[in-house]
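Understanding the architecture of this molecule
Below are the chains, spelled out letter by letter.
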Amino acid sequence: DASEIMADLDWHENNYLGKGTMIQLGLEMVGNMFDLAHQVSSRKRVLIIFIDGKIYDPDTLGPARAVLDQEQVQTFGVVLRRQSVQTKTDTDAEATLKPITSDPHDDHFKSLQIDEVASQVFSDICDPNGMWGRLIVTQTSDSRQHRPCDHHINSQDCKQDVGCVWSTVTACTDSPCTAHCDEPTCVSDTLNLCMFNATTGDCWKMPACMYATKTECELSFQDCVWNSTGQPHCAEKPCKYTDMNECNADALCEWESCSGLADASRCFSKRCTAAPGAPALTSQECITDQHCEWKNNVCSQKPCTHHSDERCCNKDTACYWDVSVSPGMCSLKHCTTLNQNKPACDAEPLCTFDDGSTECIDKQCSNLGHCDCLTETKCFWNSKAQPPFCMEAKFEQCPALDLVLLLDGSGSMAAPFGRHPHGFYGLMEILRDWMKVLPLNGERADVGLNSAPNTGEVRVGLVQFSGENKFGSSQGRADAKATPSGTGSGGRLSGDFDELSTDIDWHEANFYGQGTMIQLGLQMAADMFHLSPNDGRKRVLIIIVDGKLYDPDSLQQARAELDVEQVQVFGVVVRRDAQSTQTDIDAENTLKPITSEPRDSHFQNLQLDEVPDKVLGDICNPNGFFGSLIVGQSGEGHQPCPQHVGHVGCLADPGCLWDDRTLSCGDSPCLHHCEEKNCTADVVNGCAWTNGTICVRELKTGCDIFTGKPTDCDAQNDCQVDKDGSTCIDKKCNHNNEQGCLSDPNNCVWDNLNQDCSELQCKGAQESTCISTDGCMWQLAAGMCAEEKCKADRKDPCVSDPYCEWKNTTGCAQKKCTEYMTEIQCDRLEDCHWNPFISPAMCVEKPCSKLKDEPTCEADSTCAWDKNTTKCVDKDCNQLEKCDCVNDEECYWKVDQPPRGSCRKVTYGECPTLDLVMIVDGSGSMSQSFGRHPHGFYAMMELIRDWAKMLPLSWEKATIGVNSVAVSGKLRVALVQFSGHTEFLSSGPIVDSVAFPPAGVGAGGRLTGDLTELSADIDWHEVNYLEGGTYIEKALAQAASIFKTSSPVDGRKKVLIIIADGQIQDEDKLAAARIELAGMNVKTFGIVVRRTDQLTASDNAAEASLKPITSDPHDDHFLNLMMDEIPERALNGICNPNGAWGGLIVDQAAITGQTHRPCLNYASKVSCSADTGCMWSDVLVTCLDSPCIKHCTQDECLNAVTDCKWNATIEICLNSEVCSGIPNSMLCDQNDKCSWNATANLCIDIPCSHTDELSCITDNTFNCKWDTAGSTCSVVPCQQTDKMNCQQELGCEWNEACGDPSDHRCVPVPCQHSEETECSKDVLCEWKSSACSSKVCSVYPDEKCCNHVDGCHWDVQQAPAVCAQLACRRFGEQVACDAERSCMWKDSNCQEKECGELEKCACDADPDCYFTTADGGSRCTFQRYATCPTLDVVLLLDGGDSID
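Residues numbered from 1 in each chain as written. Predicted model: local features only at pLDDT ≥ 70, side-chain atom pairs only at ≥ 80, totals over all residues. Heavy atoms only, no water.

Some words on the overall build of the chain
Helices and strands together make up the secondary structure of the chain, namely 47 helices and 68 strands. Here the C-alpha atoms of the chain give a radius of gyration of 38 Å, agreeing with the 35 Å that 2.2 N^0.38 yields for 1444 residues. Principal-axis analysis of the C-alpha atoms places the extent of the chain at approximately 115 × 95 × 80 Å. Burial analysis of the chain (1444 residues in total) assigns 45% to the buried set. Split by element, the accessible area of the chain, about 71,000 Å² in all, is 51% carbon and sulfur. (Helix = DSSP H or I, 4+ residues; strand = E, 2+ residues; numbered from the N terminus. Rg over C-alpha atoms; globule rule 2.2 N^0.38 Å. Buried < 20%, exposed > 50% of the residue type's maximum accessible area, 1.4 Å probe, protein only. Areas by Shrake-Rupley, 256 points an atom, 1.4 Å probe, with all protein chains shown as cover.)

Structure follows, in structure tokens:
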């Protein structure tokens, strides 16, 4: 109801919140609105969110967003900008709003100025061709049905509409026929070929013919704490009392007691309270401490945070040790906050309500029933067990397993490990959490040899080892212990959680804290396995240590006993930091020889918090590092779908489906049916109820059963008749999206025009075979078979083929370059390049190559005329002379050795002297398609070739080596390829391969600044692609060798970039090379290049293995990108001091204070204005080149129209004056844009001295106004906020035209002009009866008040914006009113047109209106809303404090 909506708007205007940008409750309220709305299948539900700044509660929106999804709401987002160009505020807002919108996020998001909302949001929601409308409006399938003509965006659709006509000038418009209201008039219009539809009473045109087209103190022992107050420093922890009474006597301390853990009781500093005598903490001081919260106007300590010991924390069932914050701390479990609130608890995805205790607890798979289990991605319904049960999916493939954990109890384990204050206790608590979800077999330890070998069930034993060693030698006494008889398992294997949890308590209370001696530990482990029955179950020993073993020579006997017991021995070095140290390497060298063969595959070097996922959670993963050696091959029947890594294995599992979009295996829809009736009723997904407990898709027998029955074969969606016309085979290339099609190994091609995937038909390797195949031809230039192209005999079908062009003399012919069928062939040709931005991707002629004469070439800013070859080529800044360089915005003249300089692309204008080594993945998976690149490795090589052409290379040959001269801003590059494979040999399993050109070829595996050598290196790598596994140890060592032998120690930067597409398979062997690289101050960056726009499990695994190799902080040195994102988001930013990677490479101190830098690198107006070669654009909010900089000679500079000066040192023309650089008041006042500030003793810019409207009205320093008539910017007068002071200011009056006192304000006295000319220039005034008076409506000073006055509206078409009379209200006579398209005569007044008031004939004749008979009714409506579906729309509006 319109009147209700208007009342709502009035209420919101009067109840503007004006606080921060927090959206959680807003989303919840929206969800409630839709919950109360009647839902029918045909009704669309839309939410549009408007914000103007960063959302500050993005991490709390999951539940509310899930409700919206459940309610089937399409969510759109708008960031409202203050300016025409995007600012950082807008970018931050976008980054937090876009993830809330529906997928795909980019399609559901816009960044707009407020005056663009009406046309680009509200008028777009029902436009089937609009960005949003096409997602809301269902397209009609009736090509002959009449729709609003402006909805047709191409001539074909327009011409098919009986009510529209196409014009190359006006595009699609109403046919003249639609203006005829009766049959005689209609049929008599033979000029427009009109015909009358007697059924609908419409006059249509006759149908026409159509054609189809992202720190050491905290990591120290427990005596230190980082003090961030004042000058940040590392300080000794206070309150180190060991006596409770002494502790409590200190006013700053208090004693913590931990039940059952005497050694955990300790003295700690009071938190969340001021020191004695000091003022109480303010709310801001309170919340800066992560242990505190501001509650009821008092600072109090958060629940659980009083526990400083990890063991004590985890004993409290309401608490957990939180390693997501630094330092780690005890926090309240989120689910616990929802105790006694069953609905809220059940609404939390990670929580479940315990009806017995009425507590909200963490959800665990083992506590879930069948239906709830199926809805949890981490859980798996084990239908093979009797009885079936819910379990963690990662353990579904567990064999019958006896597992012993041999744990290092040495003194060094008491140190902090990451965010765990005590490494041993942290490890034990990790084990406790793991055992809670492990599929234990439930048997108590006294079962012993009588244990039943049930598949998928596990028993565990715990042994702690240590010893006394003398002077760090092997002379000493090893010791080991397990729980004594009568405690827990009594030192035996157990499948009972309570026994094992008691074992953990005992080990924590009996931590050795001595040396690292393992002999007796191994013996005790072997003794445990003696009590493991020999019934085929798996036997596994995992040894976890943090330092060097001091008795490695005394382990042979115990190790032999483990072999006799057929025990698989795995080893884990757990380190304290992200980077491996010498301690970790020593530990590795003594532990690895104890593990099983192949040792590299039975060993890992990890941080403590990596142990849960990479060791404990991996033991039963058939694709995991350890799990693949324990589980072996996957079993039969349904398994957790993510464990299927390939398309074939996934589809062979009846519970799974392959996702072309993510190239991963996921659950079939059938799997989520937990009842037989729902399962069998799902015929769409072909579901079947099996084993009495699980719903899966029914696997087809195969296409071969239809052989000889071609009709039946063709009727099957997944089958096709083979070329013999009889055999029925599986349909190849059966994909409905480009990503799935291009990733199919069956030579599939994607037709973007028809959105179709098909098998490549012309693929013969021999010319004779090729030409004998119908529709195929031998492409001599490419040396391969290709489809015959460009055989059309007419122009239209010819030019619709991207491979073809129409020539008047020869007809349809193949375009230049398109005959080269591979990316590597294409990019080696001077005039051609591979275009991945069309589908299918193809070789096309470079745009510049098409320009055949010098004037046309030079007119294109991306091209340059090569006078030697008389050809138009791609512009290369590196080749430009000074005058051409300074006049090209994409280039920058870098003064290398004053006054000598060179030109380079502006992107590389601030490169330091840089030696860069690239290590590129040469593994087999890189041969797959990456997006629209058919071969990933070749595409990467060509990408590097194009990048190298833009680099400011030093032009030094590789032979110069360490004698390279450090020329400012010049680069050298080296390329190394890595791969390898596994051989199960006794001498060692991994054959690690590294490749680089030999001596005499290109750079010969060395750094070079010569483009010819570098290009030859790329050619060599393309020919010598390794195509093995992903092993990088030797490549890292080679990179270190290159830096050591070729890169001089002269202050130049050294950078290593690693590019890989899969998981590094030897990540545990890289510590030595990484230490060596770090010792040479090499910054290491990493890129995972992925095949699709979606992150897959493979991409995540690659990231987890590559990121730790990069420099600290890892997040800042790592990117996960698609192939075509690498240039812009990584490589092109290495020299941008404001970029993610460039900021880490470019020496900020070296560039600060330079006379002139690339203007685009200045991020603020202040820094830009300080550079006399630059000028700030308030319109673009960007730093641009000054006009002076474009004068390349002294004469040009001194004779310039603008004030310029010549800098003889660097021979560059610069601005002569900037206000901040003027030294005294006299010179300052002589400048019409400057003013002397006597208080600050500085020359400053005059307030509001802007020359354009946007800069003026967005000036945050002063309240400025823009005058359209005079094109001037000035300070807004009359800014008093009360009536008395307002009336005392000359030229001001108190305006009370608006009824609401809150809208009364001080304004200039209007229309005091005595001359008609001056009066008419004032937007508020008009000359009337020989006097200047206020225009109608202009007395209302603000938009809210104005729009509430009948006949008035806020006019933003002039500046300053004012309240003006609506245009139609100016017409007092009907004739003048009817002549105005936007007006209509109603009730003896001229009013704004409302289509809904028009009859059919008038509606049809009005180009803004549309007569619809949808839904059985008939009405006239505005054309822009003619195709609206039945629609419920909620607008979620930002009431934050910045939007006023």
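A word on the pattern of salt bridges
Overall, the coordinates contain 65 salt bridges when judged by the stated rule. With a shortest N-O distance of 3.2 Å, E588 and K592 are connected by a salt bridge. Among the salt bridges present, the one from K871 reaches D831, with a minimum N-O distance of 3.2 Å. Here the residue K871 occupies a position in strand β41 (residues 871–874), and D831 occupies one in the loop between α28 (823–827) and β38 (832–835), the gap between them amounting to 40 residues. Note on K871: relative accessible area 28%, which makes it partly exposed. (Salt bridge = Lys/Arg side-chain N within 4 Å of Asp/Glu carboxyl O.)

Looking at the side chain of D584
By the secondary structure assignment, D584 is in helix α19 (residues 582–591). Here D584 is in contact with D546, V573, R575, Q579 and N605, once residues within four sequence places are set aside. (Contact = heavy atoms within 4.5 Å.)

Some details on the state of the cysteines
Evaluation of the coordinates by the stated rule reveals 48 disulfides. The residue that forms a disulfide with C272 is C292, at a sulfur-sulfur distance of 2.1 Å. Taking the torsion about the sulfur-sulfur bond, which here is approximately -95°, the covalent link between C272 and C292 counts as left-handed. Placement of C272 in the loop between β11 (266–269) and α11 (283–287) and of C292 in strand β12 (residues 292–295) is noted, with a sequence separation of 20 residues between them. As far as the burial class goes, C272 and C292 line up, both buried. (Disulfide = S-S within 2.5 Å.)

Focus: the sheet that holds strand β3 (residues 109–113)
Pairing is parallel in the open sheet, where four strands are placed in the order β3-β2-β1-β68. Each having just a single partner strand, β3 and β68 (1431–1437) make up the two edges of the open sheet. Averaged over all pairs of adjacent strands, the angle between strand axes in this sheet comes to 20°, irrespective of strand direction. Pairing analysis gives six bridges linking strand β1 (residues 44–51) to strand β2 (residues 74–81), with the strands arranged parallel. What sits directly across from V46, in β2, is Q74. (Pairing = 2+ DSSP bridges. Axes fitted to C-alpha atoms, helices over the stretch in contact; angles between N-to-C directions.)

What to know about the side chain of E429
Structurally, E429 is set in helix α15 (residues 423–437). If near-sequence neighbours (up to four positions away) are discounted, E429 is found in contact with E310, R311, N314 and E508.

A short note on the nonpolar core
The tendency in soluble globular proteins is for nonpolar side chains to be buried as a group. If you look at the biggest cluster of nonpolar residues, it comprises 45 residues, and the most contacted ones within it are L431, W434, V460, I542 and I619. Looking at this core element by element, the count peaks at eight residues for α15. By size, the runner-up hydrophobic cluster in this structure holds 40 residues, among which are L975, Y1025, F1085 and L1131. (Core = buried A, V, L, I, M, F, W, Y, C linked by side-chain atoms within 4.5 Å.)

Regarding the packing of α15 against helix α16 (residues 497–509)
At a closest axis distance of 10 Å, the pairing of α15 and α16 adopts a crossing angle of 175°. Judged on the interaxial angle alone, α16 and α15 are roughly antiparallel. Here F424, Y425, M428, E429, L431, R432, M435 and K436 of α15 come into contact with α16, specifically with F497, L500, S501, I504, D505, H507 and E508. (Parallel < 35°, antiparallel > 145°, perpendicular 65-115°, else oblique.)

Regarding the pairing of strand β44 (residues 914–921)
For a regular strand, side-chain orientation follows a simple rule: the groups alternate between the two sheet faces. Of all eight residues that make up β44, eight are buried, and the element is covered over most of its length. Taking every second residue as pointing to the same face, both faces of β44 are buried, with L914, L916, M918 and V920 on one and D915, V917, I919 and D921 on the other. Bridge analysis of β44 against strand β47 (residues 1053–1060) gives seven bridges, and the strand direction is parallel. From the neighbouring strand, L914 faces β47, where its bridge partner is K1053.

Observations regarding the pairing of strand β14 (residues 319–322)
Bridge analysis of β14 against strand β15 (residues 329–332) gives four bridges, and the strand direction is antiparallel. By the bridge assignment for β15, W321 is matched with C330. What sits between the antiparallel neighbours β14 and β15 is a turn of six residues.

Digging into the environment of G1079
Note that G1079 resides in helix α34 (residues 1071–1079). The exposure class assigned to G1079 is exposed, which follows from its relative accessible area of 62%. Considering only alpha carbons, one finds G1079 and A1269, 190 residues apart in sequence, at a separation of 66 Å.

Comments concerning helix α3 (residues 62–70)
A64, R65 and L68 are the residues of α3 that are buried. Across the axial projection of α3, the buried residues extend over an arc of 100°, all falling on one side. Against α2 (24–35), β1 and β2 lie the buried residues of α3. One or two steps after α3, the chain reaches Q72, where phi turns positive at roughly 60°. (Arc of directions from axis to C-beta.)

A closer look at a negative patch on the surface
Together, D1, E4, D8, D10, E13, D115 and E1343 line one region of the surface with negative charge. It is helix α1 (residues 2–14) that contributes the most residues to the negative patch, four residues altogether. Relative to the elements of secondary structure, D1 occurs in the segment before α1. (Patch = residues over 30% accessible without salt bridge, like charges linked within 9 Å, V, L, I, M, F, W, Y side chains within 5 Å. Lys, Arg positive; Asp, Glu negative; His and termini not counted. Charge placed at Lys NZ, Arg CZ, Asp CG, Glu CD.)

Brief notes about a nonpolar patch on the surface
Taken together, the side chains of F122, V1433, L1435 and L1437 present a nonpolar region at the surface, about 320 Å² in accessible area. No other element matches β68, which puts three residues into the nonpolar patch. Inspection of the secondary structure assignment puts V1433 in strand β68. Taking the relative accessible area as the measure of exposure, V1433 reaches 37% and is therefore partly exposed.

Observations regarding unusual backbone geometry
Residue P598 is bonded to the preceding E597 through a cis peptide linkage, with omega at -10°. As for its placement among the helices and strands, P598 is situated in the loop between α19 and β25 (603–607). Of the consecutive residues D1112 and P1113, the connecting peptide bond is found in the cis state with omega at -10°. Turning to its location among the elements, P1113 is positioned in the loop between α35 (1097–1106) and β49 (1118–1122). Unusually for a residue other than glycine, C304 sits at a positive phi of about 80°. For C304, a relative accessible area of 5% corresponds to the buried category. The phi dihedral of C790 falls on the positive side, at around 60°, and the residue is not glycine. With respect to the secondary-structure elements, C790 resides in the loop between β35 (784–787) and α27 (795–799). Note on C790: relative accessible area 11%, which makes it buried.

Considering the packing of helix α33 (residues 1033–1046) against α34
Direction vectors running N to C along α33 and α34 enclose 25°, while the axes themselves pass 9 Å from each other. Taken together, α33 and α34 sit at an angle that is classed as roughly parallel. At the point where α33 passes α34, the crossing takes the left-handed sense. For the pair α33 and α34, the contacting residues are L1036, A1037, A1039, A1040, F1043 and K1044 in the first and A1073, R1074, E1076 and L1077 in the second. (Left-handed = near helix turned anticlockwise from the far one by under 90°.)

Thoughts on the confidence of the model for the chain
On average, residues of the chain score 84 in pLDDT, and 92% of them reach the 70 mark or higher. Residue range residues 140–144 is modelled with pLDDT below 50. Its contacts to residues more than four positions away, or to other chains, number seven contacts. Low confidence marks residues 983–990, where pLDDT is under 50. Its contacts with residues over four positions away, or in another chain, come to twelve contacts. (pLDDT = per-residue confidence, 0-100.)

Structural notes on the environment of F603
Mapped onto the fold, F603 is located in strand β25. For F603 and G571, which are 32 residues apart along the polypeptide, the C-alpha to C-alpha distance reads 4.8 Å. With residues up to four places along the chain from it excluded, the contact list for F603 reads G571, V573, E588, L591, K592, F625, F626 and D1068.

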